[in-house]
Amino acid sequence: MITLPAELREALDEALSGHREHDLARSAEQLTARYRQPIRERAIRSAADVAAYAAVRMPATYAAVRTALAEAAGALPGFAPGTHLDVGGGTGAAVWAAADVWPSLATTTVYERDPAIIDLATTLVTGAGHPAVRGATWRQASIRPDLEKPAADLTTLSYVLGELPEDTREAVVRWLAARTKVVAIIEPGTQDGYARIVKARDQLLGMGLHLAAPCPHEQPCPITGDDWCHFAARLPRDGLHRRLKSAALAFEDEKYSYVVATTEPVSTPRARILRHPRTRKGLVTLTLCEEGAIKEDNVSKRHGELYKRARDVEWGESWPGVME
């Protein structure tokens, strides 16, 4: 499971303790309903809305961004970013996730439109151990393609593209990819979220960037019809989290789609696992995206160490393939 850093968990618990649980639950219900709409509108109207947004969405966003960036880091072994620009950063989940993946980060700048969210975000980072998190600079701004963009080694945009007017998204993606070495875009793991990601993927390739994750190739996406490419990050739910979401399980799976593109040298894997592995006695079957097609690998005991790895591998991870 992907858990929040301890200092973030403590700071978030402290911030939430200042609100009545009834108010947080009501705000969480409204936020969840808006989040499930095809075109999202993050309507924050009160301090309770901000706190509920952080309680319900920050752990899930952190888990998704942390997992996506870690997969990209595996394809970018020589990449050690010093600067990070997080666009539409909310309460800072991507700031914490990027610093965890790349300890080399020295400075972080965040664009966020809502001053109340900025107030909470800056409170949460006060006790952070990583200097790029603790010293992050928040700037109030609405995301638009004519906004000043500082140069940054890493640029992230998580759960924001679907909140932008459709006719501005192409220009925003072009803006994101300017003056950066790596750009990561994460969206909900829905059909609509994937549709936005695949358009951004094609656009980034057309601009001459290379894919670091999740795609192990730069050919057209082979997924068609009613299917869509998405992954899941599992995270724990504490007691308050369960109550705010009226949930029984002590964990949840945050489904997301993403693309990471780069101007840096890339070492891509042979394949990416697209489904939960199917395990039978002595055999593991993996559904893979490989060489621009959807394929299946059957990994049996005769494959030795590869079989041992296949028994532990998870949906979304890279895969070296079976050498017959």
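Here's what I pulled together on the structure shown here.

Brief notes about the pattern of salt bridges
Moving on, step 1. Under the defined criterion, the tally for this structure stands at 21 salt bridges.
Moving on, step 2. E21 serves as the salt-bridge partner of R243, at 2.6 Å between the closest nitrogen and oxygen. Taken as a pair, R243 in helix α9 (residues 239–244) and E21 in helix α2 (residues 21–35) lie far apart in primary sequence, 222 residues in all.
Moving on, step 3. Taking the relative accessible area as the measure of exposure, R243 reaches 48% and is therefore partly exposed.

Focus: the side chain of T61
Moving on, step 1. Checked against the element boundaries, T61 lands in helix α3 (residues 47–75).
Moving on, step 2. If sequence neighbours within four positions are ignored, T61 has contacts with A93, S158 and Y159.

Regarding the state of the cysteines
Moving on, step 1. Scanning the model with the defined rule gives zero disulfides in all.
Moving on, step 2. Sulfur of C215: no disulfide; nearest cysteine sulfur belongs to C289 and is 6.3 Å away.
Moving on, step 3. Judged by relative accessible area, C289 falls into the buried class, the value being 9%.

Let's talk about the pairing of strand β4 (residues 152–158)
Moving on, step 1. In terms of burial, β4 is largely enclosed, as seven of its seven residues are buried.
Moving on, step 2. Bridging between strand β1 (residues 83–87) and β4 involves four bridges; their strand directions are parallel. Bridge pairing in β4 links H84 to L154.
Moving on, step 3. Between the parallel pair β4 and strand β5 (residues 180–188), the chain is carried across by helix α7 (residues 169–177), and the sense of this crossover is right-handed.

Side note on the environment of P188
Moving on, step 1. Mapped onto the secondary structure, P188 falls in strand β5.
Moving on, step 2. Sequence separation of P188 and S246 is 58 residues, and the distance between their C-alpha atoms is 21 Å.

Quick notes on the packing of α7 against helix α8 (residues 191–206)
Moving on, step 1. Where α7 contacts α8, the axes come no closer than 10 Å and their chain directions differ by 55°. Relative to α8, the element α7 lies oblique. The chirality of how α7 crosses α8 is right-handed. Two secondary-structure elements touch here, α7 through R169, E170, V173, R174 and A177 and α8 through R196, A200, Q203 and L204.
Moving on, step 2. Residue composition of the contact of α7 with α8, grouped by class: four nonpolar, one polar and four charged.

A look at the nonpolar core
Soluble globular proteins tend to pack their nonpolar side chains together in the buried interior.
Moving on, step 1. In this structure, W96, W138, I186, Y256, Y258 and V260 are the most contacted members of the largest nonpolar core, which totals 73 residues.
Moving on, step 2. Among the elements that make up this core, the one with the highest residue count is α3 (17 residues).
Moving on, step 3. Setting aside anything within four residues of it in sequence, one finds W96 in contact with P5, E7, L8, M58, Y62, L124, V125, A128 and V133.

Reading the values: the criteria
- Residues numbered from 1 in each chain as written.
- Predicted model: local features only at pLDDT ≥ 70, side-chain atom pairs only at ≥ 80, totals over all residues.
- Heavy atoms only, no water.
- Salt bridge = Lys/Arg side-chain N within 4 Å of Asp/Glu carboxyl O.
- Helix = DSSP H or I, 4+ residues; strand = E, 2+ residues; numbered from the N terminus.
- Buried < 20%, exposed > 50% of the residue type's maximum accessible area, 1.4 Å probe, protein only.
- Contact = heavy atoms within 4.5 Å.
- Disulfide = S-S within 2.5 Å.
- Pairing = 2+ DSSP bridges.
- Right-handed = clockwise from strand over helix to strand, strands pointing away.
- Axes fitted to C-alpha atoms, helices over the stretch in contact; angles between N-to-C directions.
- Parallel < 35°, antiparallel > 145°, perpendicular 65-115°, else oblique.
- Left-handed = near helix turned anticlockwise from the far one by under 90°.
- Nonpolar A, V, L, I, M, F, W, Y, C, P; charged D, E, K, R; others polar.
- Core = buried A, V, L, I, M, F, W, Y, C linked by side-chain atoms within 4.5 Å.

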